[in-house]
Protein chains: 2
Amino acid sequence: MAAQRPEVLISEVAPRDGLQSIQSIMPTAQKCQWIDALAQAGLKEIEVGSFVSEKLLPQMADTGTVVAHSRQHSGLCVLALVPNLKGAQAALAAGAHKLSIPISASEAHCLANVRKSIAEMLEELGHIVRAVEQYNATSSQPPVAVEVGISTAFGCTLQGSVSEHAVLTLAAKCAAIGAQEVGLSDTTGMANPAQVKRLFTQLHHDLGDRAGAAHLHNTRGLGLANALAAYEAGVRTFDSSQGGIGGCPYAPGASGNIVTEDLVFMFEAMGVSTGIHYEQLLKARAVLEEFLPNEPLYGMTPAAGLPKGFQWPTP
Amino acid sequence: MAAQRPEVLISEVAPRDGLQSIQSIMPTAQKCQWIDALAQAGLKEIEVGSFVSEKLLPQMADTGTVVAHSRQHSGLCVLALVPNLKGAQAALAAGAHKLSIPISASEAHCLANVRKSIAEMLEELGHIVRAVEQYNATSSQPPVAVEVGISTAFGCTLQGSVSEHAVLTLAAKCAAIGAQEVGLSDTTGMANPAQVKRLFTQLHHDLGDRAGAAHLHNTRGLGLANALAAYEAGVRTFDSSQGGIGGCPYAPGASGNIVTEDLVFMFEAMGVSTGIHYEQLLKARAVLEEFLPNEPLYGMTPAAGLPKGFQWPTP
């Protein structure tokens with residue numbers, strides 16, 4: 001029975017973006033069980049961890065093991081965040097399918113986030129791209145891809161507004177260096193739909209099929225409106241987080257990352273297929289809730305339930 | 001100093017939709033003080049109450065006094081909800097500028113909400129339109145307008161899905177009977193952006209400048225995405241509620257009505273002027289908070305604050 005090809009790709013970031021924001025460390029077996037439930041729900045791309053210093057983020061120390069486990073799900077793209085060449089080498093050794101490199105459009109944020117300037121990060125990206133090319137040349141597996149997420153693409157809490165020209169210039173440089181995809185991240189929840197539409201439209205114009213994901217936050221309640229604007233601008237890959245965990249929420253009730261459950265409901269209600277089973281997604285949410293009993297989970301659709309008579313399409 | 005003409009009209013519904021949903025009764029003097037603060041913030045249309053049976057809604061028993069008080073704000077359209085001719089006569093006597101009549105697209109909801117069938121409500125609308133025409137013929141004031149809000153236009157918790165054809169046919173009948181504006185209400189929070197865009201686009205096609213407001217809920221988190229879709233379909237009047245009060249929230253954290261503060265931020269961030277002062281709007285919110293200390297107020301922008309460096313345009 002051939003599954004219908006989803007029209008949008010939901011890239012689940014909670015195991016990385018969510019768990020790294022939480023004080024407590026989820027045990028490896030629990031991470032794997034939750035990722036299994038997410039894969040069961042039909043998620044086709046999951047950012048399962050990041051290869052960073054254990055001292056900085058002890059929550060991510062087991063990423064190699066988690067990557068190796070996640071690779072068992074056929075059809076799942078196992079994504080890992082890497083901030084530098086060392087991280088990329090570890091990710092390749094562990095068997096990650098795709099590497100995600102964060103480069104900020106704001107110099108101040110770049111220094112704060114990865115302790116490197118934008119210029120230094122571009123140099124690092126070059127090293128990573130070459131390491132991946134060498135790896136792919138000798139590997140019998142499908143080629144590993146490199147994506148860049150341009151952080152603070154819509155504004156920065158440190159420097160304030162960020163020039164759209166600077167964002168697009170940086171994106172073009174990343175593509176020229178060899179990133180297969182370059183996406184834009186609203187790291188600080190400052191984006192608005194007009195800006196999202198303008199920037200992604202131009203990104204598609206400049207980069208063609210190298211224009212990547214929209215990574216949006218719901219800090220000021222505009223997350224799904226921004227996702228709609230990105231969709232209208234041609235974006236077909238959306239980062240989101242189960243239960244809205246992670247993404248530096250500012251205030252109680254204010255999730256950081258947009259909530260996978262609500263995003264998926266929006267697309268399915270619009271008739272845009274995501275390939276995700278809603279009931280299975282709620283089962284994965286229950287797993288997360290069990291493992292993080294003291295963390296608030298966000299999402300309005302899980303609270304309200306699906307509308308009366310709503311037929312979730314079987315993926 | 002001429003104020004820039006706002007590009008969208010925000011119609012504040014909290015004094016009616018919010019206060020009628022709350023058990024406690026806000027004293028008349030407090031209602032008036034809060035409405036004064038809303039008018040100070042630049043709101044140009046406020047639904048200040050409803051003319052309904054005191055037994056059914058004791059919270060609205062003082063609507064006549066509140067209308068009379070609100071009329072003192074020059075440039076403010078004082079809107080009152082009326083479910084029948086008797087209510088309309090009371091609203092005209094009190095001096096309301098505009099009457100809002102709720103007619104459901106779902107027969108089951110119509111009976112539950114106003115204890116009349118759709119056919120009976122259309123007959124009632126005819127009586128109201130004629131009463132207003134007679135009133136206007138002898139009045140020295142600007143003519144009173146009649147608007148219809150089509151409830152459950154995007155789905156019904158009683159009957160499930162609602163046919164788009166039924167909604168548009170009903171809207172056309174209301175306009176033919178003489179309503180100056182016919183808007184669509186997502187009473188149950190079941191709308192999605194594709195449906196909102198489709199229905200409002202067709203409404204504008206069918207009714208021209210009689211196509212009215214979008215009244216949207218945030219039950220499943222899609223409220224602002226739906227507002228964006230309505231804006232793109234040509235809607236320029238949006239109902240919303242300060243602090244998101246009212247609109248039958250389903251669950252904690254799930255507001256019913258879309259939140260005025262977030263909606264106004266979205267439009268201003270997009271460069272679409274609302275004519276509203278944000279700081280004054282927060283002052284009105286503080287007044288509401290003081291008068292309803294036990295009610296949760298929603299809104300992500302008030303919690304997160306405006307983005308760093310964000311320049312709110314002076315209306």
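See the structure shown above.
> Is there a simple way to think about the overall build of chain A in this case?
Helix and strand content of chain A: twelve helices and eight strands. Taken over C-alpha atoms, the radius of gyration comes to 18 Å for chain A, in line with the 20 Å a tight globule of 315 residues would show. With the C-alpha coordinates of chain A rotated into their principal frame, the extents come out at 55 × 40 × 40 Å. Burial status across chain A gives 55% buried among its 315 residues. Here the analysis covers contacts within chain A between residues at least 6 apart in sequence; of these, 73% occur between residues at least 24 apart.

> Could you clarify how one ought to interpret the pairing of strand 5 (residues 145-151) of chain B in this entry?
In summary, the side chains of a regular strand alternate between the two faces of the sheet. Residues and elements named next belong to chain B. Within strand 5, six of the seven residues are buried, which leaves the element mostly enclosed by the surrounding structure. Pairing geometry for strand 4 (residues 98-104) and strand 5, over seven bridges, is parallel. By the bridge assignment for strand 5, Pro102 is matched with Gly149. For strand 5 and strand 6 (residues 181-185), the ladder comprises four bridges, and the chain directions are parallel. In the sheet register, Val148 faces strand 6, and the bridge partner there is Val182. Following the chain from strand 5 across helix 7 (residues 164-177) to the adjacent parallel strand 6, one finds a crossover that is right-handed.

> Help me understand the environment of Lys283(A) in this model?
All names here are of chain A. The residue Lys283 is located in helix 11 (residues 278-291) in this model. For Lys283, a count of 15 C-beta atoms within 10 Å translates into the label partly exposed. Put simply, Lys283 and Glu12 are 271 residues apart on the chain and 15 Å apart in space, counted from C-alpha to C-alpha.

> How should I be thinking about the relation of the copies chain A and chain B in this particular structure?
Note that the two copies of the chain are related through a rotation about an axis and a translation along the same axis. Laying chain A over chain B is done by rotating through 180° and shifting 0.0 Å along the axis; what remains is an RMSD of 0.0 Å. Considering both components of the superposition, the chain copies are consistent with a two-fold axis. Scanning chain A for the C-alpha nearest the rotation axis identifies Ala225(A), at a separation of 1.9 Å. Here 100% of the contact residues of chain A are again contact residues in chain B; the copies associate through an equivalent surface.

> Honestly, the sheet that holds strand 2 (residues 45-50) of chain B in this entry has me stumped. Any pointers?
What links the strands of a sheet is backbone hydrogen bonding, and the strands pair in either a parallel or an antiparallel sense. All names here are of chain B. Spatial strand order, 1-2-3-4-5-6-7-8: eight strands in a closed barrel with parallel pairing. Sheet twist, expressed as the mean angle between neighbouring strand axes with direction ignored, is 30°. Pairing analysis gives five bridges linking strand 2 to strand 3 (residues 77-81), with the strands arranged parallel. Opposite Gly49, over in strand 3, you have Ala80 as the bridge partner.

> What's the story with the interface of chain A and chain B in this structure? I'm lost.
Between chain A and chain B, the contact holds 36 residues from the first and 36 residues from the second. Secondary-structure elements contributing two or more residues to the side of chain A that touches chain B are helix 8 (193-207), helix 9 (223-232), helix 10 (260-270) and helix 12 (300-304) of chain A. The greatest single-element share of the side of chain A that touches chain B, amounting to five residues, is contributed by helix 10 of chain A. Partitioning the side of chain A that touches chain B into residue classes produces 20 nonpolar, 13 polar and three charged.

> Got a minute to help me understand unusual backbone geometry in this structure?
Both trends apply: most residues other than glycine have a negative phi, and most peptide bonds are in trans. The phi torsion at Arg115(A) lies on the positive side, around 60°, for a residue other than glycine. By the element assignment, Arg115(A) lies in the loop between helix 5 (107-114) and helix 6 (118-138). Phi at Thr152(B) is positive, roughly 50°, even though this residue is not glycine. Here Thr152(B) shows up in the loop between strand 5 and helix 7. For Thr152(B), a count of 28 C-beta atoms within 10 Å puts it in the buried group.

> Please clarify how helix 3 (residues 63-70) of chain B should be interpreted in this entry.
An α-helical segment advances 3.6 residues per turn. Residues three or four places apart therefore align on the same side. All names here are of chain B. Looking at helix 3, one finds that the buried residues are Thr63, Val66, Val67 and Ser70. Axial view of helix 3: buried residues confined to an arc of 100°, hence all on one face. Considering only its buried residues, helix 3 is in contact with helix 2 (28-40), strand 2, strand 3 and helix 4 (85-94).

> In this structure, what is going on with helix 6 (residues 118-138) of chain B? I would like to understand it.
Residues and elements named next belong to chain B. With 21 residues, helix 6 should cover 30 Å at 1.5 Å per step; its first-to-last C-alpha distance of 31 Å lies within 8% of that length. Within the span of helix 6, buried status applies to Met121, Glu124, Leu125, Ile128, Val129 and Val132. Seen along its axis, helix 6 keeps its buried residues to an arc of 145°; they face one direction. Exposed side of helix 6, more than 90 degrees from the buried face: Ala119, Gln134, Ala137 and Thr138 are the residues found there. The secondary structure elements touched by the buried residues of helix 6 are helix 4, strand 4, helix 5 (107-114), strand 5 and helix 7.

> What is the right way to read the pairing of strand 3 of chain B from this model?
Residue and element names in this part refer to chain B. The buried fraction of strand 3 amounts to four of the five residues, a majority that puts the element mostly inside the structure. Between strand 2 and its parallel partner strand 3, the chain crosses via helix 3, and the hand of that crossover is right-handed. When strand 3 meets strand 4, the two strands line up parallel, connected through three bridges. Looking across to strand 4, one finds that Leu79 is bridged to Lys98. Handedness of the crossover is the feature at issue here: the chain leaves strand 3, passes through helix 4, returns alongside strand 4, and the resulting connection is right-handed.

> Got a minute to help me understand the sheet that holds strand 4 (residues 98-104) of chain A in this structure?
With parallel pairing, the eight strands of this closed barrel are ordered in space as 1-2-3-4-5-6-7-8 (chain A). Mean inter-strand twist for the sheet, computed between neighbouring axes without regard to direction, equals 30°.

Conventions adopted
Residues numbered from 1 in each chain as written. Chains lettered and ligands numbered in written order. Predicted model: local features only at pLDDT ≥ 70, side-chain atom pairs only at ≥ 80, totals over all residues. Helix = DSSP H or I, 4+ residues; strand = E, 2+ residues; numbered from the N terminus. Rg over C-alpha atoms; globule rule 2.2 N^0.38 Å. Buried ≥ 20, exposed ≤ 12 C-beta atoms within 10 Å, placed from the backbone. Contact = placed C-beta atoms within 7 Å. Pairing = 2+ DSSP bridges. Right-handed = clockwise from strand over helix to strand, strands pointing away. Least-squares fit on C-alpha atoms with pLDDT ≥ 70 in both. Axes fitted to C-alpha atoms, helices over the stretch in contact; angles between N-to-C directions. Nonpolar A, V, L, I, M, F, W, Y, C, P; charged D, E, K, R; others polar. Arc of directions from axis to C-beta. Expected span 1.5 Å × (residues − 1).

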